[in-house]
Structures are given as structure tokens and as C-alpha cells.
Amino acid sequence: MLKRSLRLTKQKEIDNVFQSGRGSYNNYIGIKAVKNDRDHSRVAIIVGNKVSKKAVVRNKLKRRLSHIIKEYLPYFSENYDMVAVVLPPATQLDFHQLKKKVHGSFKGLGLL
């Protein structure tokens, strides 16, 4: 789990990322990012009911994604506010496949 200081918690902040951020989407995950003026990056992870009706599955995806993003945070060139949106086909991926998709999205955005 990401520390509270590393999470976007307010709807206003999340809306700002969606409005002014640039994005990288594939069939499994979408990531939007915008630079911030803080000394660290912040992340919000969204896994909706359309991904799975089961909370266990949604929470598992959140935990996996949180762990993957936490590993990449020290390697970002600058500090960003990010929103990761999980799409329904992501339930079929294992941890390593999900990590590859996230890495590809980060490279596509130029964060790494």
C-alpha cells in the first residue's frame, strides 16, 4: 500500500489530472500524468465495478498495481500526479504481465 502522502486523495486533484494530464492507454490499463510542484510523485488507482463485481478481485488488482508503481517511483525523472485506471481485461493478467504493461505505459509517457 502506498503511504498517504504518495496518494491523490481529493476529487479535485484527480479531476485536474484527467483534464490537463497526458495519457497512455493500452487494453489493460490507462495512465494519465501531469507534473506537480511537490517534492514527490502522487498516485491514484481506480478500479471500477465494471472490471469485476467481486471486491476481492478489484482489491487484488489495486494491491498489485500499488506495489508495481511504488517500485517505479524513485526512477521518475520529475515529480508527477498520476491516475491509473484499470480496464476489465486486466483481470486475466498475472503480476509480471501487469508490470510489463505498466512499464510500457510509463515509457510511453516519458516518465522513465
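See the structure above.
Residues numbered from 1 in each chain as written. Predicted model: local features only at pLDDT ≥ 70, side-chain atom pairs only at ≥ 80, totals over all residues. Heavy atoms only, no water.

Enquirer: Where do I start with helix 2 (residues 55–72) in this structure?
Expert: Note: α-helices contain 3.6 residues per turn, so residues at a spacing of three or four share the same orientation. For helix 2, with 18 residues, the first-to-last C-alpha span of 26 Å sits near the 26 Å given by 1.5 Å per residue. Residues of helix 2 that are buried sit in contact with strand 2 (29–35), strand 3 (42–46), strand 4 (80–86) and helix 3 (95–109). (Helix = DSSP H or I, 4+ residues; strand = E, 2+ residues; numbered from the N terminus. Expected span 1.5 Å × (residues − 1). Contact = heavy atoms within 4.5 Å.)

Enquirer: Just checking my understanding: could you explain the pairing of strand 4 for this structure?
Expert: A regular strand places its side chains so that they alternate between the two faces of the sheet. Of all seven residues in strand 4, seven are buried, a share of seventy percent or more. Of the two faces of strand 4, both are covered, the one formed by Tyr 80, Met 82, Ala 84 and Val 86 as well as the one formed by Asp 81, Val 83 and Val 85. For strand 2 and strand 4, the ladder comprises seven bridges, and the chain directions are antiparallel. Directly across from Lys 32, in strand 4, lies its bridge partner Val 83. The pairing of strand 3 with strand 4 spans five bridges and is parallel. Bridged to Ala 44 within strand 4 is Val 83. Between the parallel pair strand 3 and strand 4, the chain is carried across by helix 2, and the sense of this crossover is left-handed. (Buried < 20%, exposed > 50% of the residue type's maximum accessible area, 1.4 Å probe, protein only. Pairing = 2+ DSSP bridges. Right-handed = clockwise from strand over helix to strand, strands pointing away.)

Enquirer: Please explain the packing of aromatic side chains as it appears in this structure.
Expert: Ring pairs (aromatic) are described by centroid distance and by the angle formed between their planes. Within this structure, the stated rule accounts for three aromatic pairs. Measuring from ring centre to ring centre gives 5.6 Å for Tyr 72 and Phe 106, while their planes differ by 80°; the resulting arrangement is edge-to-face. A residue pair is termed long-range when its members are at least 10 positions apart, and Tyr 72 in helix 2 and Phe 106 in helix 3 qualify at 34 residues. With a centroid separation of 5.1 Å and an interplanar angle of 85°, the aromatic rings of Phe 76 and Phe 106 are classed as edge-to-face. Note that Phe 76 is positioned in the loop between helix 2 and strand 4 and Phe 106 in helix 3, a separation of 30 residues in sequence. The class of Phe 106 is buried, set by a relative accessible area of 0%. Three or more aromatic residues joined by ring pairs make a cluster, and in this case those are Tyr 72, Phe 76, Tyr 80 and Phe 106. (Phe/Tyr/Trp six-rings, centres within 6.5 Å; stacked < 30°, edge-to-face > 60°.)

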